[in-house]
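Results of the structural survey
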Amino acid sequence: MTQRAKIDTGGGGIEAAEPPVVHHPAGLTSAQVAERVARGEVNDVPLRSSRSTTDIVRGNVFTRFNAIIGVLWVIMLIVAPIQDSLFGFVIVANTGIGIVQELRAKKTLDGLAVIGEAKPTVRRDGRAAELSTSEIVLGDLIELGPGDKVVVDGVVAEADSLEIDESLLTGEADPVVKKPGDRMMSGSFVVAGGGAFTATKVGREAYAAQLAEEASRFTLVHSELRNGISTILKYVTWMMVPTAIGLVISQLVVKDDNFKDAIARTVGGIVPMIPEGLVLLTSVAFAVGVIRLGRKQCLVQELPAIEGLARVDVVCLDKTGTLTEGGMDVTELRTLDGGDETYVRKVLGALGESDPRPNASLQAVIDAYPDTVEWRCTESLPFSSARKYSGAAFSEGNGENSTWLLGAPDVLLKTDHPALTEIDHLNQQGLRVLLLARTVHELDSPEVATDARPTALVVLEQRLRPDAADTLAYFAEQNVATKVISGDNAVSVGAVAGKLDMPGAADTVDARTLPTDREEMAKVLDENAIFGRVSPQQKRDMVAALQSRGHTVAMTGDGVNDVLALKDADIGVSMGSGSEATRAVAQIVLLNNSFATLPSVVAEGRRVIGNITRVATLFLTKTVYSVLLAVLVVCSQVEYPFLPRHLTLLSTLTIGVPAFFLALAPNKERAKPHFVRRVMRYAIPGGVIAAAATFTTYLLARHHYSGPGALEAETSAATLTLFLVSMWVLAIIARPYTLWRLTLVATMAGAFLLVLVVPWLQDFFALKLVGVTMPWTAVAVAAAGATLLEIAWRWVDRRFPA
């Protein structure tokens, strides 16, 4: 078959014949592969994910605030002693920590990506072998089976009832039947049947290559946390610029006789306005989360998924592969209508042999009933989750021909068939039942299942995951609703859920009776937990219905029928042994196939969000009081009370060191929305009270002290008040107290006390409390500030609940 393509010559479209695609049933030879590699005709699309080392270094070093601080640092190195330049060394250390943690996260991600990488089966030199997608060359013959993802563009060479889902590319939900010569697009996947196709476009030329590369890139941007911090930093910049200009002018006017000291105090006012460690700690918290989850064989394909799963309040579970293990065992064979059991065994053996890529149910049949050589399969119909049955036509070796179907009894039988009562009893015991039925219609007939004659029931027992009950109990404790959404019989699904003590297991819903209206469906979903006979499209509709009620939905699955729902859910979670298609669209892949890993992911997300909210409050309280102090100084036309060394000391003890520990601490609180509002409702009153208390002490000290050394004594008193109020902010943020949190707060207080009593530290930080009256006044003002803080934050909690 000759394909035709248009060539644009500038004067109009001329149709030119492309060379025909030549299919080699044995695949390429080693020599042909070597030729193509030499020509660069290789599928060289980067598989993953993580930022390059250069990008990580650039992202941590070249930030807006690092640029501002870098300039101020250079100025301070020129005009002031080294102790006033300490803030610069802190930034260097912070940036180094950020780079090291992200590089560790990159190493973890890249290592896990190799483990979880899909390896298509490629035929070369007449032999089929699994290869990395990057090893595929132009012209390779790639074999396909149910669940396999089409990794490059190509043309169908062989097709055996091959059905392809192109919904991720075209939005069309119905599978497309493919015949030899039809085009295959990368990014689609097989839902039924099998075959092979010849690669015609590889690397970046492939249809979905750039989309896939973009979708799987390591990113921190699409997250409420990151977007919230960006919004805060934007407002901080707007506040900083005019305040800093006013401060520069006022200090040069006030200190007209000492230019260097004016510059030092100006920089001392600007530096604390910058919440420079906030972005760093967010990156570190995410990176540490990736490393922790990586140790548990959990691949996070998109970093915000850690945050997203922490916000989840509904988890939709597919029964097979999630609550139950993939394998099954045939426990009983029941013939119907006086059927011959020996003959039925032959039929089942032949059916097993007819499918080269059996699913778990058929594999159990194959294990129980080996094939008999005299039967020959003349046509087969692979299992499809939409049909819920498979079939095959046979020549029995004695001149007889027969056509058989194997699948869901409630689909193949009429609703009033007496066998359904028997099947219900089996389902209620948690057993899975397949019906073997003989049909008089052709397999490709739409009426193939009509009037099929039931011959036998195949009873299967599913293996429960040993960790499933504990995982369901965890979600119940955390107020996360679990919904089992399965393609299996509803009663059978309910029985499995009942064995795991899942709430609502007794009330099951057959999804075929669900209303199509989204609002009505959402109501049924909210009221029930177990759903059976759910079609792939219904899974997608159910996710959308739950989302329409404001739920954050996670969907777990491992089969092809889960792909559309996984893609639409807020968080898609795939098993490592799942199909390539499910792993491709999921944000989180559980490489160890253990549903029990999910609580770890939820806990990690909650730790990240809860802790970043805590430390953001610390950083932004400092920003608010720094801006307000600068405004008060400008309006009062007095000298700025602090040198950079004072605020470096305060920031380190009340924010920097505590924030690092708090950001990585355990935290089980469920993530809440409106990050910016929740942080600023504490930071603004906290910052206002800290600034007011500090400036009050400063003004009292200006009236109390006079003569040489007065400014240093005033600064020391103001620093004491600011430290004590900031420590109270830290003490509130650190609640609820544990031994390590109390130790952390006490250690920071002890470190400041050490500075006040050790002579050389007094000199180094220019902090010396003079007399008795003013230091105790500073403590009293701080105590009043702390009391106001408690009152204000409790009022905020009542007035503006999170």
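Here the structure is a predicted model, which means the values were calculated and not measured.

Quick look at the overall build of the protein
The number of helices and strands found in the protein is 27 helices and 23 strands. Projecting the C-alpha coordinates of the protein onto the three principal axes gives extents of approximately 120 × 70 × 45 Å. Each of the 802 residues in the protein was classed as buried or not, and the buried ones make up 56%. Sequence separation of at least 24 residues holds for 72% of the intrachain contacts in the protein that already meet a minimum separation of 6. About 33,600 Å² of surface is accessible on the protein, with carbon and sulfur atoms providing 57% of the total. Positive and negative charge centroids in the protein, built from 74 and 87 side chains respectively, lie 9 Å apart.

Examining the pairing of strand 3 (residues 121-124)
Because side chains alternate across strand 3, one face comprises the buried residues Thr121 and Arg123, and the other comprises Val122 and Arg124, equally buried. Direction of pairing for strand 3 relative to strand 5 (residues 141-144): antiparallel, over a ladder of 3 bridges. Following the sheet pairing, Thr121 is matched in strand 5 by Glu143. Bridge count for strand 3 against strand 4 (residues 127-130) is 4 bridges, and the pairing is antiparallel. By the bridge assignment for strand 4, Val122 is matched with Ala129.

Some thoughts on empty space enclosed by the protein
Within this structure, the stated rule accounts for 2 cavities of 30 Å³ or more. In this structure, the largest cavity occupies an estimated 60 Å³ of space. In this structure, the largest cavity is lined by Leu618, Thr621, Lys622, Tyr625, Thr654, Ile655, Ala690, Ser726 and Val729. Contributions of two or more residues to the lining of the largest cavity are made by helix 21 (598-636), helix 22 (644-663) and helix 24 (710-733). Classifying every residue of the lining of the largest cavity by side-chain character gives 5 nonpolar, 3 polar and 1 charged.

Things to note about helix 11 (residues 341-354)
For helix 11, with 14 residues, the first-to-last C-alpha span of 20 Å sits near the 20 Å given by 1.5 Å per residue. Its side-chain oxygen 3.1 Å from the backbone nitrogen of Thr342, Asp340 forms the N-cap of helix 11.

Quick word on the packing of aromatic side chains
Two aromatic rings, taken as a pair, are described by how far apart their centres are and by the angle between their planes. Evaluated as defined, the whole model comprises 12 aromatic pairs. Between Trp73 and Phe89 the ring centres are 5.1 Å apart and the planes differ by 80°, which places this aromatic pair in the edge-to-face class. One end of the pair, Trp73, is in helix 3 (residues 64-79); the other, Phe89, is in helix 4 (residues 86-116), and 16 residues separate them in sequence. Look at Phe89 and you get partly exposed, because its relative accessible area is 42%. Taken together, Tyr343, Trp375, Phe394 and Trp404 form an aromatic cluster joined through their ring pairs. If you follow Lys234 out to its NZ or CZ, it ends over the ring of Tyr235, 5.9 Å from the centre.

Things to note about unusual backbone geometry
Cis peptide bonds are those with omega within 30 degrees of zero, and the linkage from Arg735 to Pro736 qualifies with -5°. Turning to its location among the elements, Pro736 is positioned in the loop between helix 24 and helix 25 (739-757). Phi is positive for Asp501, close to 60°, though the residue is something other than glycine.

Reading guide: rules and limits
Residues numbered from 1 in each chain as written. Predicted model: local features only at pLDDT ≥ 70, side-chain atom pairs only at ≥ 80, totals over all residues. Heavy atoms only, no water. Helix = DSSP H or I, 4+ residues; strand = E, 2+ residues; numbered from the N terminus. Buried < 20%, exposed > 50% of the residue type's maximum accessible area, 1.4 Å probe, protein only. Contact = heavy atoms within 4.5 Å. Areas by Shrake-Rupley, 256 points an atom, 1.4 Å probe, with all protein chains shown as cover. Lys, Arg positive; Asp, Glu negative; His and termini not counted. Charge placed at Lys NZ, Arg CZ, Asp CG, Glu CD. Pairing = 2+ DSSP bridges. 1 Å grid on protein atoms, 1.4 Å probe; cavity = no way out; pocket = protein on both sides within 12 Å on 5 of 7 lines; lining within 4 Å. Points joined across faces, edges and corners; volume = space filled by probe spheres on them. Nonpolar A, V, L, I, M, F, W, Y, C, P; charged D, E, K, R; others polar. Expected span 1.5 Å × (residues − 1). Polar contact = N/O pair within 3.5 Å; in protein donor to acceptor, adjacent residues only side chain to side chain. Phe/Tyr/Trp six-rings, centres within 6.5 Å; stacked < 30°, edge-to-face > 60°. Lys NZ or Arg CZ within 6 Å of the ring centre and 35° of its normal.

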